[in-house]
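Coordinate analysis (summary)
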Amino acid sequence: MAPNKFVRAIFPGSFDPITNGHLDVIHRGIKIVDELIIAVGDDPQKEYLFDGQERVEMIRELTNDIPEVKVERFSGLMVDFARRVGAQVILRGLRNLTDVQHEFELALTNRAVGHLETMFIMTGEQYGFTSSTLIREVGRYGGDVSGLIPPSIYKKLKNKLDT
Ligand code: ADP
């Protein structure tokens, strides 16, 4: 990218719920780009544990001390959302080789359909096994996932699974 160009990135995902791994990517990513829009996917075909508004609010609470981070909900094509908000790049996190395989396909598709580049950030080693899916499953059976998500999210997860 040209020097001094303002770089706006989107970090799309389900964030159902946001984990310490996602936060690690956000904190690393904001050192590289000027503005990071966390794009919370809300696909009507998909079933979420937390609804779109809840997921957005949880992330806002955790990132409101970083002025360069914004949080928005989106549905439809990622590349259309990126264009609408004027983002030049997509940020994604990588944990392992399984992620690489999937992300590789996604990145090439987004380049083909939207002419958008994707930038990857490797997770901190301690988050290599952290996923929202596992947190929901382990949490559902009463397992202790408090080390994988922020305390405020842990409380909300317990409340949600207890009801
Ligand atoms: P999606 O449904 O699009 O996979 P997720 O919320 O699961 O949404 O993930 C969003 C992005 O965050 C993806 O790029 C995913 O690889 C990345 N990610 C998820 N968990 C971690 C983690 N522990 N460390 C680094 N990146 C992660």
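Up top you'll find the structure we're talking about.
Bear in mind the structure is a predicted one, so any value in this text is a computation, not a measurement.

Conventions adopted
Residue numbers restart at each chain and count upward from 1, following the sequence in its written direction. Two thresholds apply to this predicted model, a pLDDT of at least 70 for residue-level local features and 80 or more for giving and counting side-chain atom pairs, whereas whole-chain, interface and lining totals are computed over all residues. With hydrogens and water set aside, each side-chain value is computed from the structure's full complement of heavy atoms. Under the DSSP-based scheme used, a helix requires at least four consecutive residues in state H or I and a strand at least two consecutive residues in state E, with every element numbered from the N terminus. The buried label applies to any residue whose accessible area, calculated with a 1.4 Å probe on protein chains only, is under 20% of its type's maximum; exposed applies above 50%, and partly exposed to all values in between. Per-residue accessibility takes into account occlusion by the displayed protein chains alone, with areas from the Shrake-Rupley method and a 1.4 Å probe. Charge counting treats Lys and Arg as positive and Asp and Glu as negative, with His and both chain ends excluded. Lysine's charge is taken at NZ, arginine's at CZ, aspartate's at CG and glutamate's at CD. Only the six-membered ring of Trp is used, alongside the rings of Phe and Tyr, when aromatic pairs are assigned; centres must lie within 6.5 Å, and planes under 30 degrees apart are stacked while those over 60 apart are edge-to-face, with the rest tilted. Only lysine NZ and arginine CZ atoms are considered, and such an atom sits over a ring when it is within 6 Å of the ring centre and within 35 degrees of the ring normal. We define proximity as follows: a residue is near a molecule or strand when any one of its heavy atoms falls within 4 Å of that partner. Under the rule applied, a polar contact is a pair of N or O atoms within 3.5 Å (in protein, one hydrogen donor and one hydrogen acceptor; residues adjacent in sequence only if both atoms are side-chain atoms). Buriedness for pockets is judged along seven lines, at least five of which must meet protein on both sides within 12 Å for an open set on the 1 Å grid over protein atoms alone, while cavities are sets there where a 1.4 Å probe fits but cannot get out, and lining residues have an atom within 4 Å of a point. Those molecules having more than half of their atoms within 2 Å of a cavity or pocket grid point set are described as sitting in that cavity or pocket. All residues other than Ala, Val, Leu, Ile, Met, Phe, Trp, Tyr, Cys, Pro, Asp, Glu, Lys and Arg, Gly among them, are scored as polar; the first ten of these are nonpolar and the last four charged.

All right, on to the overall build of the protein then. Helix and strand counts for the protein stand at six helices and five strands. When the helices and strands of the protein are read in sequence order from the N terminus, they spell out β-α-β-α-β-α-β-α-β-α-α. For the C-alpha atoms alone, the extent of the protein along its principal axes is close to 50 × 35 × 35 Å. Expressed as a percentage of its 163 residues, the buried residues of the protein come to 46%. With the model as given, the accessible surface of the protein reaches about 9,300 Å², and the carbon-plus-sulfur share is 53%. Distance between charge centroids for the protein: 2 Å, based on 20 positive and 23 negative side chains.

Scanning the entire structure with this criterion turns up two aromatic pairs. When the ring of Phe 11 is compared with that of Phe 15, the centres are 5.2 Å apart and the planes differ by 80 degrees; the resulting orientation is edge-to-face. The pair Phe 11 / Phe 15 is uniform in exposure class, with both members buried. Judged by centre distance (5.1 Å) and plane angle (35 degrees), the ring pair of Phe 74 and Phe 81 falls under tilted. An identical accessibility class is assigned to Phe 74 and Phe 81; each is buried. Here the basic side chain of Arg 55 rests over the ring of Tyr 48, its NZ or CZ set 3.8 Å away from the ring centre.

Moving on: the site of the ligand. Close contacts around the ligand come from 17 residues, with Ser 14, Phe 15, Gly 93, Thr 123 and Thr 130 the closest. At a separation of 3.2 Å, a nitrogen atom of the ligand approaches a polar side-chain atom of Arg 95. Contact between the ligand and Tyr 127: a nitrogen atom at 3.0 Å from a main-chain N or O atom of the residue. The protein chains hide 86% of the 550 Å² of surface that the ligand would expose on its own. Spatially, the ligand is embedded in the largest pocket. Residue assignment for the shell around the ligand shows that the elements contributing at least two residues are strand E1 (8-13), helix H1 (20-29), strand E4 (89-94) and helix H4 (97-114). Tallied by class, residues from the shell around the ligand come to five nonpolar, seven polar and five charged.

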